[in-house]
Amino acid sequence: MVLLGSSIDKRSAAMLQDELSVPKRKSLRLDTFPRGTDNARIDVRLEPLLKAAIEANTRSGMARHMRSLHMSVSSELLGEEEAAAWQFQEVFSKLSIITAQEARKSSRREVYQLFILAVVKQIYLSVDQQLQECREELDEDSLLGEVAAGSSVSRHEKLWRFSRHQSMLRYLVSRELIEQLHSMELVGRKQRKSVLALSWPVAEEMLFNPLLQLSDLSDEAAFVEIYPFLLIKPKMFREFERQVLDVFCHWLPDCPVRRLSGEQNDDLNTLQLRRDKGDFPAYAQVEACLRTIMSQSEYQRVENSWFDDPGNLTWLLGGDGDRGRPGFWDKKRWHGFQDNLLQELEKTFHGNGLLEMVFASAMVPDLYRSLGRKGALRLIYEYLFGGRSKKELLPILQQFKDIPDLDLYVERMDMVRREIKQATPAQRRSWLIKVLEGYANLRRDLKLSWEMYRAMDLINLLERPKDLALSRANALLQEFSLQQQGEAPEVRGHVILKADLRGSTELTASMLREGLNPAAYFSQNLFDPINTLLQKYGAEKVFVEGDAVILMILDQSSPPSQVVARACGLAYDIIDLIMGRNRESRQMELPELELGIGISYVAEAPCYLFDAGRKIIISPAINRADRLSSCTARDFIGFGEERTWGVEVIEIEGTANSVSGENQYCRYNVNGIELDLPAFQHLTEELVLKKVKASSYGKDTGDHYYVGRFPDLSGKTRWQVIRQSMVKHWDGGKLLAPSKKSGNSFYELVTDPEILSRTREKLSGRN
């Protein structure tokens, strides 16, 4: 069948190639780190608490899965599973924040790359070490059992069962730990992006590659949990790919269509592989497999094409994958094309004797699990596609002692075999798509696992004090650690937030006239909610009373935090709180409250005095925030009643201060938030701020807008829009436009609902 023949079809194929996405992954930059004391690898020290948490989590997971596989569990492995998982999450979350901040501070994203790669390596090493300890313990028990004949059989039984399930145990425990890590990285990706401008410094599909969870690529029971059984042998994978590429060759890029040289031998034993197995034996297996099935330039040079995104194949074949946006082939005219494509693939596989193997590969994982993972997986697979008869199969299955009911066992196999033979065209199509998707996943994962193994092989995780001291002395050690226990974190700065509340006197008087209780009103609707916000943003009270609120957030070196961004989020919430109270006041025909907020940052710790045991905070930021929150320029600006949101600053000429010699400033701050210059500068270090044209908001081109976002403690993304505007001048008679030469600016954290709404609409779709 010729799928693409006419010039119209060829143009359609070109259109199709344009629609298929090519993965864009950030390259690993481990070459920027110095080689360690062995002159070959990068010396890394992970926080001991993290290593201990990983080991404890590994032990609890090992015990749980050994029980699920009906294996004997050592009493030393039994522990508090929830406590182990919680400790892992707690330590990793803190350390990842510290590392992201350090990476931003040094302008080196590869610092976080090295950190997360080291964590993944530590997880796999911990699993392998625990398996080795279990094996050694069983070996010792087996030797002791030879002396005590009465117990030797049971001990040998334990050893046999462990040997049989060791690879599956490694897969199950590794998968669980990596999934925990994946969940934590998913939760932290928003904060990581706000710091590094990148959600995934190491590609997600590389970091959490399921192929890495296999200790042996030839282990059938673990392999079939992830990929089609048909493809477990490189020779069969290569034949399967050849037939697939023959059908897809019309629109495939050059990279994956390259055929391997005829000089390459299919015998893996003749290939020159890496000199040693390193920390992971599967590294050599992956490399051997890749050398057999694809050109070295494709995986060594990381050549990407649309074929490296398995979703492309799913969408092309009409599978159930979610593209995120409709492809042009979703239209009816392409349904026939997809049917023809699947028919061509089915015809090709049938002509080469692979079609029944494809269907058996789609059905065998569920069948094997339903059989309790007993018996030989290859025998089941071969029986399903007709490679073995029941007459050949039964004598072999009778030798398996772990099959309790052989008749029921064979009956279930017969049911699946009949299902394959009696399948409808729709069922056959779904099985074909399923196996092709699995093939695409395996092809991509082989390439990415090789790159991941190569990266982890470059990391030397040091533990011995002697090795650590030598590496430190030569400035070669890359350390990822928390603040030492018992040592108070250093305070390197602090933020002061002053909220100037206006109208409380009028509101109190009106409430008294109406017979209402103003004390209860302010307590329930102002003070109590603000106390809740303090806990949410890690702030503390400096001063709170009816018409003034002064709050502080400490900027600690460990763990580093987005203190100005948090203060901005707190300011937004306080304004929302007051606006909500105003809506209630309007309904009750009571006066409304007005607010002005100032945020100031000082790059040093505050000072403290104590008056009768009460701590008093002394900071120059308090006076600055007080000025920023004030509103004194209402009359001569001329928009006091028309404008209800925002900040303006006016310099009054001819009113120089007798001490400083500087002109005086008047401020308009109505339901607005003003940042001083140090606060704005610190915010630019905390977040990635994008410059947006003022015209996007319909504003004067003399203003500049900066947009950033950060996740609050609940994980919700908070947008922050900062307006930089020049200070205007009042000459005593009129308001003058600001002079660009003066360079005198102020910074407003925009609270205008219209601007914030427009920002969310324009930018919320960007990841």
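K.L.:
Go over the packing of helix α21 (residues 518–537) against helix α22 (residues 563–587), please, and point to the residues and values.
P.N.:
Between α21 and α22, whose axes approach to 10 Å, the crossing angle comes to 160°. With respect to α22, the element α21 is oriented roughly antiparallel. Crossing angle aside, the handedness with which α21 passes α22 is right-handed. Residues Y521, N525, L526, P529, I530, L533, K536 and Y537 of α21 form the contact with α22, whose own contacting residues are R566, G569, L570, D573, I574, L577, I578, R581, E584 and S585. Tallied by class, the residues present in the contact of α21 with α22 amount to 10 nonpolar, 3 polar and 5 charged.

K.L.:
Can you break down the nonpolar core residue by residue, with the values?
P.N.:
The nonpolar side chains of a soluble globular protein tend to be buried with one another. Ranked by size, the top nonpolar core spans 141 residues in total, and within it F92, L181, F240, F248 and F349 carry the most contacts. Once you skip the residues sitting within four places of it in the chain, F349 turns out to touch F240, Q243, V244, L354, L355, V358, L432 and L436.

K.L.:
How would you sum up the packing of helix α12 (residues 310–317) against helix α18 (residues 425–457)? Please name residues and give values.
P.N.:
α18 packs onto α12 with a crossing angle of 160° between their chain directions and a minimal axis gap of 8 Å. By the angle class used here, α12 and α18 are roughly antiparallel. Relative to α18, the crossing made by α12 is right-handed. Contacts between α12 and α18 involve P310, L313, T314 and L317 from the first element and R429, I433, L436, E437, Y439, A440, N441 and R444 from the second. Residues that form the contact of α12 with α18 fall into these classes: 7 nonpolar, 2 polar and 3 charged.

K.L.:
Mind laying out the side chain of R566, listing which residues take part and the relevant values?
P.N.:
With respect to the helices, strands and loops of the structure, R566 is situated in helix α22. No salt bridge is formed by the buried R566; the nearest opposite charge belongs to D555, separated by 7.0 Å. Separated by 3.5 Å, the side chain of R566 and the backbone oxygen of G538 make a polar contact. Here R566 is in contact with Y537, G538, I553, S561 and F710, once residues within four sequence places are set aside.

K.L.:
Mind laying out the sheet that holds strand β11 (residues 664–670), listing which residues take part and the relevant values?
P.N.:
Read across the open sheet, the 4 strands follow the order β11-β10-β16-β17; overall the sheet is mixed. Only two strands of the sheet have a single neighbouring strand rather than two, namely β11 and β17 (735–736). Two strands pair when backbone bridges link them, and strand β10 (residues 646–652) and β11 are joined in this way by 7 bridges, in the antiparallel orientation. Across the sheet, I652 pairs through a bridge with Q664, a residue of β11.

K.L.:
So what about the packing of aromatic side chains? Which residues, and what values?
P.N.:
The full count for this structure, using the stated rule, is 21 aromatic pairs. Taking the centre distance of 5.5 Å and the plane angle of 50° together, the rings of F223 and Y227 count as tilted. A relative accessible area of 3% places Y227 in the buried class. For the ring pair Y299 and W450, a centre distance of 5.1 Å and an interplane angle of 80° mean the geometry is edge-to-face. Of this pair, Y299 sits in helix α11 (residues 296–300) while W450 sits in helix α18, and the two are 151 residues apart along the sequence.

K.L.:
Talk me through the pairing of strand β15 (residues 717–726); I want residue IDs and the actual numbers.
P.N.:
Extensive coverage of β15 is indicated by the burial of 9 of its 10 residues. In the sheet, strand β14 (residues 704–711) pairs with β15 via 8 bridges, with the strands oriented antiparallel. Opposite R709, over in β15, you have W719 as the bridge partner. Bridge count between β15 and strand β18 (residues 745–749): 5 bridges; the pairing is antiparallel. Counterpart to I722 in the pairing with β18 is L749.

K.L.:
Requested: an account of empty space enclosed by the protein, with residues and values cited.
P.N.:
To locate leftover empty space, one rolls a probe as large as a water molecule over the atoms. Evaluated as defined, the whole model comprises 2 cavities of 30 Å³ or more. Empty space within the largest cavity amounts to approximately 60 Å³. Contributing to the lining of the largest cavity are R25, E298, Y299, V302, N304, K447, L448 and E451. For the lining of the largest cavity, the secondary-structure elements that each account for two or more residues are α11 and α18. With 3 residues, α18 is the single largest residue contributor to the lining of the largest cavity. Residue composition of the lining of the largest cavity, by class: 3 nonpolar, 1 polar and 4 charged. Roughly 40 Å³ of volume is contained in the second largest cavity. Lining the second largest cavity are A499, L501, L526, I530, V549, I574, I578 and L595. Residue assignment for the lining of the second largest cavity shows that the elements contributing at least two residues are β4 (491–502), α21 and α22.

K.L.:
Account for the pattern of salt bridges, with residues named and values stated.
P.N.:
Any two side chains of opposite charge can pair, on the condition that their charged atoms come close. Evaluation of the coordinates by the stated rule reveals 42 salt bridges. Residue D128 is joined to R170 by a salt bridge in which the shortest nitrogen-to-oxygen separation is 2.9 Å. Of this pair, D128 sits in helix α4 (residues 110–147) while R170 sits in helix α5 (residues 149–196), and the two are 42 residues apart along the sequence. Under the relative-accessibility criterion, D128 is labelled partly exposed at 22%. Judged by its relative accessible area of 3%, R170 is buried. Sharing partners across several salt bridges, the network here consists of E648, D703, R723, K728 and E748.

K.L.:
Residue-level account of the side chain of T292, with values.
P.N.:
Among the secondary structure elements, T292 is positioned in helix α10 (residues 281–293). A polar contact of 2.9 Å, which involves the side chain of T292, links it to the backbone oxygen of A288.

K.L.:
Any chance you could break down the confidence of the model for the protein chain for me, citing the residues and the numbers?
P.N.:
Per-residue confidence for the protein chain averages 82 on the pLDDT scale, and 81% of its residues sit at or above 70. Note on residues 1–8: pLDDT under 50 across the span, and 16 contacts to partners over four residues away in sequence or across chains. Predicted confidence is poor over residues 323–328, with pLDDT under 50, and the contacts of this stretch with residues over four places away or in other chains come to 13 contacts.

K.L.:
Account for the sheet that holds strand β2 (residues 459–461), with residues named and values stated.
P.N.:
Spatially, β2-β1-β3 is the arrangement adopted by the 3 strands of the open sheet, whose pairing is parallel. Among the strands making up the open sheet, the edge pair consists of β2 and β3 (478–480). Looking at each pair of strands side by side, their axes are set apart by 30° on average, direction ignored. In terms of strand pairing, strand β1 (residues 42–46) meets β2 through 3 bridges, oriented parallel. Within the sheet, the bridge partner assigned to V44 lies in β2 and is L461.

K.L.:
Any details on α10? Residues and values, ideally.
P.N.:
Counted at 1.5 Å a residue, the expected span for α10 with its 13 residues is 18 Å, and the 19 Å between its end C-alpha atoms agrees. Counting buried residues along α10, 11 of its 13 residues qualify, which places the element largely inside the surrounding structure. What α10 keeps buried is the set A282, Y283, A284, V286, E287, A288, C289, L290, R291, T292 and I293. In this structure, the buried residues of α10 make contact with α8 (234–248), α11 and α18.

Conventions and cut-offs
- Residues numbered from 1 in each chain as written.
- Predicted model: local features only at pLDDT ≥ 70, side-chain atom pairs only at ≥ 80, totals over all residues.
- Heavy atoms only, no water.
- Axes fitted to C-alpha atoms, helices over the stretch in contact; angles between N-to-C directions.
- Helix = DSSP H or I, 4+ residues; strand = E, 2+ residues; numbered from the N terminus.
- Parallel < 35°, antiparallel > 145°, perpendicular 65-115°, else oblique.
- Left-handed = near helix turned anticlockwise from the far one by under 90°.
- Contact = heavy atoms within 4.5 Å.
- Nonpolar A, V, L, I, M, F, W, Y, C, P; charged D, E, K, R; others polar.
- Core = buried A, V, L, I, M, F, W, Y, C linked by side-chain atoms within 4.5 Å.
- Buried < 20%, exposed > 50% of the residue type's maximum accessible area, 1.4 Å probe, protein only.
- Lys, Arg positive; Asp, Glu negative; His and termini not counted.
- Salt bridge = Lys/Arg side-chain N within 4 Å of Asp/Glu carboxyl O.
- Polar contact = N/O pair within 3.5 Å; in protein donor to acceptor, adjacent residues only side chain to side chain.
- Pairing = 2+ DSSP bridges.
- Phe/Tyr/Trp six-rings, centres within 6.5 Å; stacked < 30°, edge-to-face > 60°.
- 1 Å grid on protein atoms, 1.4 Å probe; cavity = no way out; pocket = protein on both sides within 12 Å on 5 of 7 lines; lining within 4 Å.
- Points joined across faces, edges and corners; volume = space filled by probe spheres on them.
- pLDDT = per-residue confidence, 0-100.
- Expected span 1.5 Å × (residues − 1).

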